[in-house]
Amino acid sequence: MAGSFFRRFNRNKVLLLMVLPGAVWFLCFSYLPLVGTIAAFKEYRFSRHGFWYSLVHSKNVGWDNFKFLFNTDAAFTITRNTLLYNIAFIFLGLVFSVGLAILLSELVNKKLAKLYQTSMFLPYFLSWVIVGYFAFSFLSMDRGLLNHILGYFGVDSMQWYSDPTYWPYILIFVYLWKSIGYSSVVYLASILGIDRSLYEAAMIDGASKLQQVRNITLPLLKPIIIIMTLLAVGKIFYADFGLFYNVPRDSGTLYSVTNVIDTYVYRGLKTTGEIGMSTAAGLYQSVVGFVLVMVSNYVVRRIDKDSALF
Amino acid sequence: MSRALTKKRDFHQITRGWNVLFNIFAAIFSFLCVFPFVFVLIISFTDEKSLATNGYRVIPEKWSFEAYEYIFQTGDTLLRSYGVTILVTVVGTLVSLLMIALYAYAVSRKSFAYRRFFSLFAVFTMLFNGGMIPTYIVVTQLLHLKDNVWALILPLAMNAFYIMILRTFYITGIPDAIIESGKIDGAGEFKIFIRLVLPLSLPGLATIGLFSTLGYWNDWFNALLYIDDPNKVPLQSMLMRIESSMQFIQQNSANSAVSLEALASMPQDTARMAMVVLATLPIIFAYPFFQRYFVQGLTVGSVKE
């Protein structure tokens, strides 16, 4: 039996060599960290002696980290923030992306439409650091454009980076600004693929444009809308760290509305030093995220086998 | 024939009225997408003192090249960050493409006995993530990459999603006949890969390569986690460090004039915005030409066949 193993190994030697770099990478950056999640059940201490030593020799505390975590207000806040923002992003992102796609597809002047599309793409290519600077040019208390405009209306300058009230709207707006230009492309491609004769038939039957959109375009887009939405729902427990860290400029007073699971974990590592609770939060996110991805992928697979992740 | 009759309108089109309305919406949104960059550009050409009195204005009271002159004199920090970013992006993209292409090719070959295992090995990583902290622990304590440029390159190198896309591309796009003909000619797997498969897969590689390039260029997160050494700070990360104060530039500039100069007399705000402009310009110039690939990538990714 062992002989056939070595023979098979030999025959596949070259191909094995090809997967080697990637496999080693996955081992280091994906699978070893999985082992590292044990740290959530320990009082982790960074030892000079390296990874394995630290992992093995840190004190076992069982579920304590989780108990501490879920006793804090933070646990509720970050979960709520992560979920609510993602729900808003998914829903509003969908409405605006599809709307934009339909709008672009109906414009008469195609050259102009191309120009619009190119402009709308720009935000996607910018990093959240840059977007953070953009936001600052509007929201800066003493120099920002927004306070300046408010001044014209006799409204006092607002301390945007200290007052949490408007941040949900600001963050949603910024997210949409950055993403819908690009995500509308998916729907636009689908719309352009719709058979023109369907519309012609509808027109002959006297249907208005609005009726055509409602009865032809939208139903035909339904599959891809469902798929995109489900895939997004699978990731609903993960937030875009860049958005929530850079745009609010890490302002502490805003944490109640800007702290999401990902930023909480990061701050636990780098700032507050609460490694135990943060690792527990990370594991909590990974497990729930895993369940959600599996469920959403299962549902997607039932709808359209080819579109599932696996 | 009167003009009215000869002016034919495609009966698919929406009415004039709606077209104007749609154009207005589209134009407003397009403007909103582009305006912030233009605004920051304008701020960078504003006189620092008029910023103090008037704040950021779309039409400054007084224009000035001060910020750019300052950067020109003290530019070593900016240049170094650019250098790091370019190095990381070029090496990163090449390393990444190589690793992904090889892995995807091997996994696409029906003759590969361990094909299923390695496919699952890759796909599973898309489902369950170890998380930020365990990854940090592995990178710093096991791989000892703290303050190492490779900490900027390696974490972004592999992506299971790209592997699956490329694998599908190989399976559907590269007929077995081609590979068989290579084998008949006595070529080994590597030769077949380099001579026959690689040239055929250039479009797919270009798309993945561009996504990879964008990812590396814009990355600030890995630097945030792993880099403290000011000489290894990439562009975006440098911009983060000067957000509140130009101290980072001052402390790390080799130019003695900069270190001696009082913080107050530097054109702080405008220089900061000028740095943002200079860091963003390459993207602004390049992206319209590569739009097509990103569009392709998105539509392929979402309609995996």
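Residues numbered from 1 in each chain as written. Chains lettered and ligands numbered in written order. Predicted model: local features only at pLDDT ≥ 70, side-chain atom pairs only at ≥ 80, totals over all residues.

We now examine the overall build of chain B. Each helix and strand in chain B was counted, giving 17 helices and zero strands. Against the compact-globule benchmark of 19 Å for 305 residues, chain B has a radius of gyration of 26 Å, which places it well outside the compact range. C-alpha atoms of chain B, sized along the principal axes, occupy 80 × 75 × 35 Å. The buried share among the 305 residues of chain B stands at 41%. (Helix = DSSP H or I, 4+ residues; strand = E, 2+ residues; numbered from the N terminus. Rg over C-alpha atoms; globule rule 2.2 N^0.38 Å. Buried ≥ 20, exposed ≤ 12 C-beta atoms within 10 Å, placed from the backbone.)

Take the overall build of chain A next. Helices and strands together make up the secondary structure of chain A, namely 15 helices and two strands. Considering only C-alpha atoms, chain A reaches an extent of 75 × 70 × 35 Å along its principal axes. Scored against the burial criterion, the 310 residues of chain A give a buried share of 41%. Sequence-distant contacts, at least 24 apart, represent 67% of the contacts inside chain A between residues at least 6 apart. (Contact = placed C-beta atoms within 7 Å.)

The biggest cluster of nonpolar side chains holds 154 residues, and the ones touching the most others in it are Ile100, Tyr103 and Leu166 of chain B. Tallying contributions element by element places helix 5 (residues 76-108) of chain B first for this core, with twelve residues. Dropping the residues within four chain positions of it, Tyr103 of chain B is found in contact with Met18, Val19 and Gly22 of chain A together with Ile163 of chain B. (Core = buried A, V, L, I, M, F, W, Y, C linked by C-beta atoms within 7 Å.)

Contacts between chain A and chain B engage 80 residues on the former and 80 residues on the latter. The greatest single-element share of the side of chain A that touches chain B, amounting to 17 residues, is contributed by helix 2 (residues 13-36) of chain A. Residue composition of the side of chain A that touches chain B, by class: 52 nonpolar, 21 polar and seven charged. (Nonpolar A, V, L, I, M, F, W, Y, C, P; charged D, E, K, R; others polar.)

Here the focus is the packing of helix 6 (residues 110-125) of chain A against helix 2 (residues 16-44) of chain B. The geometry of helix 6 of chain A relative to helix 2 of chain B is characterised by a closest axis approach of 8 Å and an angle of 35 degrees between their N-to-C directions. Viewed along their axes, helix 6 of chain A and helix 2 of chain B form a crossing whose handedness is left-handed. Contacts between helix 6 of chain A and helix 2 of chain B pair Leu112, Tyr116, Ser119, Met120, Leu122 and Pro123 of chain A from the former with Asn23, Ala26, Ala27, Phe29, Ser30, Cys33 and Val34 of chain B from the latter. Split by residue class, the contact of helix 6 of chain A with helix 2 of chain B holds ten nonpolar, three polar and no charged. (Axes fitted to C-alpha atoms, helices over the stretch in contact; angles between N-to-C directions. Left-handed = near helix turned anticlockwise from the far one by under 90°.)

Glancing now at the domain arrangement of chain B. All names here are of chain B. One can read the domain layout of chain B as domain 1 (16-64) and domain 2 (74-302). Here domain 1 and domain 2 have C-alpha centroids that lie 32 Å from each other. In this complex, domain 1 contributes eight residues to the contact, which on the side of domain 2 involves nine residues. Among the elements that make up the side of domain 1 that touches domain 2, the one with the highest residue count is helix 2 (five residues). Grouping the amino acids of the side of domain 1 that touches domain 2 by side-chain chemistry returns five nonpolar, two polar and one charged. (Domains from an automatic or database assignment.)

So, about the packing of helix 4 (residues 64-71) of chain A against helix 15 (residues 275-303) of chain A. Residues and elements named next belong to chain A. At their nearest, the axes of helix 4 and helix 15 sit 8 Å apart, and the two run at 85 degrees to each other. Regarding the angle of helix 4 to helix 15, the classification is roughly perpendicular. Where helix 4 approaches helix 15, its residues Asn65, Phe66, Phe68 and Leu69 are matched on the opposing element by Gly276, Met277, Thr279, Ala280 and Ala281. Partitioned by chemical class, the residues of the contact of helix 4 with helix 15 number six nonpolar, three polar and no charged. (Parallel < 35°, antiparallel > 145°, perpendicular 65-115°, else oblique.)

Averaged over all residues, the pLDDT of chain B equals 87, while 90% of them reach at least 70. Within the model, pLDDT remains below 50 along residues 1-9 of chain B, and this stretch shows one contact once partners closer than five positions in the same chain are excluded. (pLDDT = per-residue confidence, 0-100.)

Here the focus is the environment of Pro36 of chain B. For Pro36 of chain B, the position within the fold is in helix 2. Dropping the residues within four chain positions of it, Pro36 of chain B is found in contact with Phe134 and Ser137 of chain A.

When you line up the elements, Ser50 of chain B lands in helix 3 (residues 48-54). Setting aside its immediate chain neighbours within four residues, Ser50 of chain B contacts Pro60, Glu61 and Lys62 of chain B.

Here the focus is the environment of Val24 of chain A. Residues and elements named next belong to chain A. Here Val24 shows up in helix 2. Since 12 C-beta atoms lie within 10 Å of it, Val24 is described here as exposed. Each C-alpha atom of the pair Val24 and Thr253 lies 43 Å from the other, and the pair is 229 residues apart in sequence.

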